[in-house]
Amino acid sequence: MKIYLNGELVDKSKAKVSVFDHGYLYGDGVFEGIRSYNKLVFKLKEHIDRLYESAHSIMIDIPLTKNQMEEAIIRTIKANKLKDAYIRVIVSRGEGDLGLDPRKCKGNHTIVIIADKISLFPNKLYKEGMEIITVPTVRNLCEAVNPQIKSLNYLNNVLAKVEAINSGHQEGLMLDHLGYVAECTGENIFVVKQGELFTPPQCMGTLRGITRDTVLDISKKLKIPAHEHVLTRHEFYISDESFLTGTAAEIVPVVRVDGRKIGTGRPGKITKRIMEEFQKITKTDGVKYKI
Ligand SMILES: *Cc1c(COP(=O)(O)O)cnc(C)c1O
């Protein structure tokens, strides 16, 4: 496997980053997870835009233009001869000293791109649906570490994941500090009630997911009314259908929350229709490359 490291494609065994990198010391950096489907990189522009927005927000000036970043990503996928890939782009503050002061990193940001195969959840889950549980760890506050920043500082989500796993679940539902539904540990959440879609608004502790936006576009096309609206757990429990969205997870039906059955306890009709449409879009949309 070839890894992109600061402009060079190096062997996996040589892809090493300093222990003084503030990405390692403090989670001081940003990232993206991107997918390609049959030699088409899905929503590449959107992912690159969000990467640069996250970096801007934490005052990292990425030393590549967006076009150069796009080229670097495609170069990495091609070097690994992947038709279908999961691509991780990481930009960290870079090597500094043991203090927090980012100026000590002298602007030498570390850029890493990994292109690999991925399957996050077993196939069975997409057919039968997932059972999730509300976890005690509250989603980061916008006023603290804004969830809109896709940062390497992922401990908030890791703690939630650990809690979900400790109680025998694959995913945990995170609430915001007011007790409203925020998102899962790495996926946005949707519910369906009486034929309409609902998802928490961004900045109620949710990252504005690109898959979430894609589902909102699909709903427009399919003429399914969709609302960005605050959701309580109660509204979740009494919904007809539910599903999670994320680049790695794609669209996962949710059939049980905190022991309560959602709808019939099987993936719902609208969920399946949206999954179908999503698959169609990934086959035709995207930035083409050759291997
Ligand atoms: C990346 C991420 C998502 C999903 O966003 P996509 O753009 O759809 O991949 C949701 N929640 C969190 C916390 C994330 O980091």
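Residues numbered from 1 in each chain as written. Predicted model: local features only at pLDDT ≥ 70, side-chain atom pairs only at ≥ 80, totals over all residues. Heavy atoms only, no water.

A.B. asks: What is the right way to read the side chain of T214 from this model?
C.D. replies: As for its placement among the helices and strands, T214 is situated in helix α6 (residues 210-221). A relative accessible area of 2% means that T214 is categorised as buried. (Helix = DSSP H or I, 4+ residues; strand = E, 2+ residues; numbered from the N terminus. Buried < 20%, exposed > 50% of the residue type's maximum accessible area, 1.4 Å probe, protein only.)

A.B. asks: I tried to follow the packing of aromatic side chains on my own but got confused; where do I start?
C.D. replies: Given two aromatic rings, one states the distance between the centres and the angle between the planes to describe the pair. For the structure on display, the rule yields 4 aromatic pairs. Ring plane angle 85° and centroid distance 5.7 Å describe the contact between F42 and F278, whose orientation is recorded as edge-to-face. Note that F42 is positioned in the loop between β4 (40-41) and α2 (44-57) and F278 in helix α8 (residues 269-284), a separation of 236 residues in sequence. With respect to class, F42 is no different from F278; both count as buried. (Phe/Tyr/Trp six-rings, centres within 6.5 Å; stacked < 30°, edge-to-face > 60°.)

A.B. asks: I would appreciate a short explanation of empty space enclosed by the protein in the present structure.
C.D. replies: Rolling a probe over the atoms, with the probe sized like a water molecule, indicates the empty space that remains. Per the counting criterion, the structure on display carries 1 cavity of 30 Å³ or more. Roughly 70 Å³ of internal volume is contained in the largest cavity. Along its surface, the largest cavity is lined by I34, R35, Y37, F42, H47, I210, T211, G246, T247, E250 and F278. For the lining of the largest cavity, the secondary structure elements donating two or more residues are β3 (29-37) and α6. When grouped by side-chain class, the residues that make up the lining of the largest cavity number 5 nonpolar, 4 polar and 2 charged. (1 Å grid on protein atoms, 1.4 Å probe; cavity = no way out; pocket = protein on both sides within 12 Å on 5 of 7 lines; lining within 4 Å. Points joined across faces, edges and corners; volume = space filled by probe spheres on them. Nonpolar A, V, L, I, M, F, W, Y, C, P; charged D, E, K, R; others polar.)

A.B. asks: For this particular structure, what's the right way to read the domain arrangement of the chain?
C.D. replies: It is common to give the size of an interface as the accessible area lost on bringing the parts into contact. Each assigned domain of the chain is listed with its residue range as follows: domain 1 (2-116) and domain 2 (123-282). Spacing between the C-alpha centres of domain 1 and domain 2 amounts to 26 Å. Listed per partner, the contact involves 23 residues of domain 1 and 19 residues of domain 2. Across the domain 1 to domain 2 interface the summed buried area is about 1,700 Å²; carbon plus sulfur atoms make up 63%. The tally of links between domain 1 and domain 2 comes to 1 salt bridge. Taken together, the connections running from domain 1 to domain 2 amount to 9 residue pairs in polar contact (both at pLDDT 80 or more). Only α1 (22-26), β3, α2 and β5 (85-92) provide two or more residues apiece to the side of domain 1 that touches domain 2. (Domains from an automatic or database assignment. Contact = heavy atoms within 4.5 Å. Buried area = accessible area lost by both parts, 1.4 Å probe. Salt bridge = Lys/Arg side-chain N within 4 Å of Asp/Glu carboxyl O. Polar contact = N/O pair within 3.5 Å; in protein donor to acceptor, adjacent residues only side chain to side chain.)

A.B. asks: Quick question: what am I supposed to make of the site of the ligand here?
C.D. replies: Near the ligand, the surroundings consist of 16 residues, among which K150, Y154, E183, T211 and T247 are the closest. Between an oxygen atom of the ligand and a side-chain N or O atom of K150, the distance comes to 2.7 Å. Contact between the ligand and Y154: an oxygen atom at 2.6 Å from a side-chain N or O atom of the residue. For the ligand, whose free accessible area comes to 390 Å², the fraction covered by protein is 96%. Across the shell around the ligand, the residue classes tally to 3 nonpolar, 8 polar and 5 charged. (Near = heavy atom within 4 Å. Areas by Shrake-Rupley, 256 points an atom, 1.4 Å probe, with all protein chains shown as cover.)

A.B. asks: Quick question: what am I supposed to make of the nonpolar core here?
C.D. replies: Soluble globular proteins tend to bury their nonpolar side chains together. Among the nonpolar cores identified, the biggest contains 37 residues, and I132, F236 and I274 are the most heavily contacted of them. When residues in this core are grouped by element, the largest group, 5 residues, is from α8. Here F236 is in contact with I132, L173, V181, I189, V191, S242, V257 and I262, once residues within four sequence places are set aside. In this structure, V41, Y52, I74 and I111 belong to the second largest nonpolar core, which totals 27 residues. (Core = buried A, V, L, I, M, F, W, Y, C linked by side-chain atoms within 4.5 Å.)

A.B. asks: Explain the environment of I118 to me, please; I cannot follow it from the model alone.
C.D. replies: In this structure, I118 sits in the loop between β6 (110-116) and α4 (123-128). Residues I118 and A249, 131 residues apart in the sequence, show an inter-C-alpha distance of 9.6 Å. The residues touching I118, leaving out its near neighbours within four places in the chain, are R35, Y86 and A248.

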